[in-house]
Amino acid sequence: MTNQVIHQSPYVGAGLVTFSISILAGPGSGRIVACRRLVTLLGSRSGCKFNLRHPLVAPVHAAIVNNGTELILRDLVSPGGTTLNGLPCEHERLRDGDVFTVGPWELRIRIHATPERRQDADLHPISLDPTPDSIVLEHVQSGRLLQPRREVSVIGRRSGCDIVINDPQVSRCHAVLCRYMDHPVLYDVSASEFVRVGDKPTGFQQLRDQDDLFIGATHFRVRLHQPKSRNGGNGRAHAAARPALLTAQDAPADLIDIRAAEANKRWVVAEHLEQAQRGEG
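Remember, it's a predicted structure, so these values are computed and weren't measured experimentally.

Novice: I'd like to hear about the overall build of the protein chain, residue by residue, with values.
Specialist: The secondary structure content of the protein chain amounts to one helix and 24 strands. Burial status across the protein chain gives 51% buried among its 281 residues. A separation of at least 24 residues holds for 54% of the contacts in the protein chain among residues at least 6 apart in sequence. Accessible surface, the protein chain as shown: approximately 13,400 Å² in total, 47% of it carbon and sulfur.

Novice: Which residues make up the sheet that holds strand E17 (residues 183–188), and what are the values?
Specialist: Within the open sheet, the five strands sit side by side as E15-E14-E16-E17-E20. Their pairing is mixed. Taken across any chain shown, the strands that pair with only one partner, and hence form the sheet edges, are strand E15 (163–164) and strand E20 (204–206).

Novice: Provide a residue-level description of the pattern of salt bridges, including the pertinent values.
Specialist: Counted by the stated rule, this structure contains eight salt bridges. The partner of Asp-162 in a salt bridge is Arg-150, with the nearest N and O atoms 3.6 Å apart. A residue pair is termed long-range when its members are at least 10 positions apart, and Asp-162 in the loop between strand E14 (153–156) and E15 and Arg-150 in the loop between strand E13 (144–146) and E14 qualify at twelve residues. Its relative accessible area of 31% is what places Asp-162 among the partly exposed residues. A relative accessible area of 30% means that Arg-150 is categorised as partly exposed. Measuring nitrogen to oxygen at the nearest pair gives 3.1 Å for the salt bridge that ties Asp-212 to Arg-221. Using a relative accessible area of 21% as the deciding quantity, one classes Arg-221 as partly exposed. Overlapping salt bridges, with partners in common, bring together Arg-74, Glu-90, Arg-150 and Asp-162 in one network.

Novice: So what's going on with the pairing of strand E2 (residues 32–35)? Which residues, and what values?
Specialist: The side-chain alternation of E2 yields one buried face, formed by Val-33 and Cys-35, and one unburied face, formed by Ile-32 and Ala-34. In the sheet, strand E1 (residues 18–25) pairs with E2 via four bridges, with the strands oriented antiparallel. Across the sheet, residue Ser-20 finds its bridge partner in E2, namely Ala-34. Hairpin geometry of E1 and E2 is characterised by an intervening segment of six residues between the two adjacent antiparallel strands and by a positive phi of about 105 degrees at Gly-26.

Novice: Describe the state of the cysteines, listing the residues and the values that go with them.
Specialist: Counted according to the given criterion, the structure contains zero disulfides. Cys-161 provides the cysteine sulfur closest to Cys-173, a residue in no disulfide bond, and the two sulfurs are 5.8 Å apart.

Novice: A description of the packing of aromatic side chains should follow, citing residues and the corresponding values.
Specialist: Within the structure shown, the criterion is met by one aromatic pair. Positioned over the ring face of Phe-214 is Arg-196, at 4.5 Å from the centre of the ring.

Novice: How would you summarise the sheet that holds E2 if you had to cite specific residues and measurements?
Specialist: The antiparallel open sheet is built from six strands, whose spatial order is E2-E1-E11-E10-E7-E8. Pairing within the sheet leaves two strands with one partner each, and these edge strands are E2 and strand E8 (87–89). Strand-to-strand twist in this sheet, taken as the mean axis angle between neighbours without regard to direction, amounts to 35 degrees.

Novice: Which residues make up the nonpolar core, and what values go with them?
Specialist: Membership of the largest hydrophobic core comes to 24 residues, with the highest contact counts inside it found for Leu-38, Leu-41 and Leu-76. For this core, the secondary-structure elements that each account for two or more residues are strand E3 (39–43), strand E5 (62–66), strand E16 (175–180) and E17. For this core, the element with the highest residue contribution is E16, accounting for three residues. Counting 22 residues, the second-largest nonpolar core is a separate cluster that includes Ile-21, Phe-50, Val-57 and Ile-109.

Novice: So what about the side chain of His-61? Which residues, and what values?
Specialist: Structurally, His-61 is set in the loop between strand E4 (50–53) and E5. Within polar-contact distance, the side chain of His-61 engages the side chain of Ser-78 at 3.2 Å. Among all residues touching His-61, those that are not within four sequence positions of it are Leu-42, Gly-43, Leu-56, Asp-75, Leu-76, Ser-78, Gly-80, Gly-81, Thr-82 and Val-102.

Novice: Describe in detail the environment of Gln-8, supporting the description with residues and values.
Specialist: Along the chain, Gln-8 falls in the segment before E1. Along the sequence, Gln-8 and Gly-203 sit 195 residues apart, while their C-alpha atoms lie 7.5 Å from each other.

Novice: Break down the environment of Val-33 for me, citing the residues and quoting the values.
Specialist: Among the secondary structure elements, Val-33 is positioned in strand E2. Along the primary structure Val-33 and Phe-19 are separated by 14 residues, whereas in three dimensions their C-alpha atoms are 8.8 Å apart.

The rules behind each value
Residues numbered from 1 in each chain as written. Predicted model: local features only at pLDDT ≥ 70, side-chain atom pairs only at ≥ 80, totals over all residues. Heavy atoms only, no water. Helix = DSSP H or I, 4+ residues; strand = E, 2+ residues; numbered from the N terminus. Buried < 20%, exposed > 50% of the residue type's maximum accessible area, 1.4 Å probe, protein only. Contact = heavy atoms within 4.5 Å. Areas by Shrake-Rupley, 256 points an atom, 1.4 Å probe, with all protein chains shown as cover. Pairing = 2+ DSSP bridges. Salt bridge = Lys/Arg side-chain N within 4 Å of Asp/Glu carboxyl O. Disulfide = S-S within 2.5 Å. Phe/Tyr/Trp six-rings, centres within 6.5 Å; stacked < 30°, edge-to-face > 60°. Lys NZ or Arg CZ within 6 Å of the ring centre and 35° of its normal. Axes fitted to C-alpha atoms, helices over the stretch in contact; angles between N-to-C directions. Core = buried A, V, L, I, M, F, W, Y, C linked by side-chain atoms within 4.5 Å. Polar contact = N/O pair within 3.5 Å; in protein donor to acceptor, adjacent residues only side chain to side chain.

It is worth stressing that arrangement in space is one thing and function is another; only the former is reported here.
Following this line, the structure appears as structure tokens:
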């Protein structure tokens, strides 16, 4: 199945950390953009939250992951790299006021005070799954076990990814493995083939123990190592409430298109993703 547009990450639940990005330098400077998604993508490809059109910006260049309590800036193995406070950045936690660069853009993070959590049952379901201590991917064809060491791990064909898959069906940067409220989730950032969990093509999925994960022709099985409870049980007695992921019906209006080549530096909200449908970018 071909995917013409990068899959949209869901919004995080109410009562969790939120942030905005101020554009300090580059086209669109002076603008402030609210970021509410679990994964905020920056890149030159249509469908990124920040669609930054410039030769120095990779199609999917960097991501900011909101795990519910903190933000992590992850360079997506881009050729031009990402800097944070003037230093090269691969994987770093963000603090309020941090400044990072993508191509000619200089951007500042503003982390907002966390509002009091709502008690709505729809937003705070009880998860019966205990929080896993570790995530391991078993390569089914070989039996090899792979344990990502970073909180935000990149899976793809490009050398430098945390998990490298030498498969022409796999994009250079294909998917991001991270956590939301300590539960593992997979986010597909490719523009070619969907990731599949079981038989289901998906752009975003919470992973569970024994899930079969297919990326291109490569088959992984998810192994979640669960903690022991204090009374020697399997940890299920300590399941806690966690905010739900919220989907957005107006996802296209959440995307920002900024072109470095525009002489008047217009700020365009891509309301209907018409450019993506035409295959531009």
